[in-house]
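Each chain, letter by letter, is given below.
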Amino acid sequence: MENIKFQVNIKKALEAILYIASVCPEVGFHAICKLFFYADIYHINKYGRPVFGDEYQAWQYGPVPITTYNLLKQEPLLFEALEEDQPFIVEKKGTKPVVVPQRKADMDYFSKSDVEALDYAIKHFSAMSFGELTEVSHKHPAWKNAQSFGTMNYEDFIDPSNQDLIHELQENSQFINI
């Protein structure tokens, strides 16, 4: 069987960064990465696909969606590919890089269930401190089972009792439109 892999939806990731930053003022990179992680976990378990399909790596301070992280760092090639001109700026608040939207998120990129998953993650995790988010994410099997700085497996995002979903996604994840 193939590992579960998706094709990241970069535009949806950008719009989610803007959405989260508008709902959670002064949100930093670390929190955004964890909110993406928990939104994807929620959505894949409830609806059979992640919201974003990003590749997650197990970094020192928890899961990091790599393409999203490059968007946060304002990787020029990603913005050129998206034909975007600075949809957000990054300001330093002490040691924390904070995302400041320069426009509203285009909510047309999201399904109702996508917004449900984002709102779930925001409600349950956005008020946590850097240390709390790191600690709780380190307890998740997807982070625990990955090698340091290695790719996390989507199989570990899914409730292990749902073997049917795991097998279905192992066979068909590459065909799912995120």
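Because the structure is a prediction, the values reported are computed rather than measured. (Residues numbered from 1 in each chain as written. Predicted model: local features only at pLDDT ≥ 70, side-chain atom pairs only at ≥ 80, totals over all residues. Heavy atoms only, no water.)

A. Main features of the overall build of the protein. Counting its secondary structure elements, the protein contains 8 helices and 4 strands. Ordered by position from the N terminus, the helices and strands of the protein form the series α-α-β-β-α-α-β-β-α-α-α-α. Its C-alpha atoms give the protein a radius of gyration of 15 Å, within 12% of the compact-globule value 16 Å for 178 residues. A principal-axis box enclosing the C-alpha atoms of the protein has dimensions of 45 × 35 × 30 Å. For the protein, with 178 residues in total, the buried portion stands at 49%. Excluding contacts between residues fewer than 6 apart, the proportion of contacts in the protein whose partners are at least 24 apart in sequence is 70%. When the accessible area of the protein is evaluated, it comes to approximately 9200 Å², of which 50% is carbon and sulfur surface. In the protein, 16 side chains carry a positive charge and 25 a negative one; their mean positions are 7 Å apart. (Helix = DSSP H or I, 4+ residues; strand = E, 2+ residues; numbered from the N terminus. Rg over C-alpha atoms; globule rule 2.2 N^0.38 Å. Buried < 20%, exposed > 50% of the residue type's maximum accessible area, 1.4 Å probe, protein only. Contact = heavy atoms within 4.5 Å. Areas by Shrake-Rupley, 256 points an atom, 1.4 Å probe, with all protein chains shown as cover. Lys, Arg positive; Asp, Glu negative; His and termini not counted. Charge placed at Lys NZ, Arg CZ, Asp CG, Glu CD.)

B. Quick look at the packing of aromatic side chains. Evaluated as defined, the whole model comprises 16 aromatic pairs. Ring geometry for Phe-36 against Phe-52: centres 4.0 Å apart, planes inclined by 15°, an arrangement best described as stacked. With Phe-36 in helix 2 (residues 29–47) and Phe-52 in the loop between helix 2 and strand 1 (56–59), this pair connects stretches of sequence that are 16 residues apart. Exposure remark for Phe-36: the relative accessible area of 0% places this residue in the buried category. Considering the side-chain rings of Tyr-120 and Phe-125, the 6.4 Å spacing of their centres and the 65° angle between planes classify their relative orientation as edge-to-face. (Phe/Tyr/Trp six-rings, centres within 6.5 Å; stacked < 30°, edge-to-face > 60°.)

C. Examining the pattern of salt bridges more closely. Evaluation of the coordinates by the stated rule reveals 9 salt bridges. Its salt-bridge partner being Lys-93, residue Glu-91 comes within 3.9 Å of it at the nearest N-O pair. Taking relative accessible area as the criterion, Glu-91 reaches 32% and is therefore assigned partly exposed. By relative accessible area, which is 38% here, Lys-93 ends up partly exposed. (Salt bridge = Lys/Arg side-chain N within 4 Å of Asp/Glu carboxyl O.)

D. Examining the pairing of strand 4 (residues 96–101) more closely. Looking at chain direction, strand 3 (residues 88–93) and strand 4 are connected through 6 bridges and run antiparallel. Bridging from a neighbouring strand, Ile-89 pairs with Val-100 of strand 4. What sits between strand 3 and strand 4 in their antiparallel hairpin is a turn of 2 residues, with Gly-94 showing a positive phi close to 70°. (Pairing = 2+ DSSP bridges.)

What is shown is where atoms sit, not what they do.
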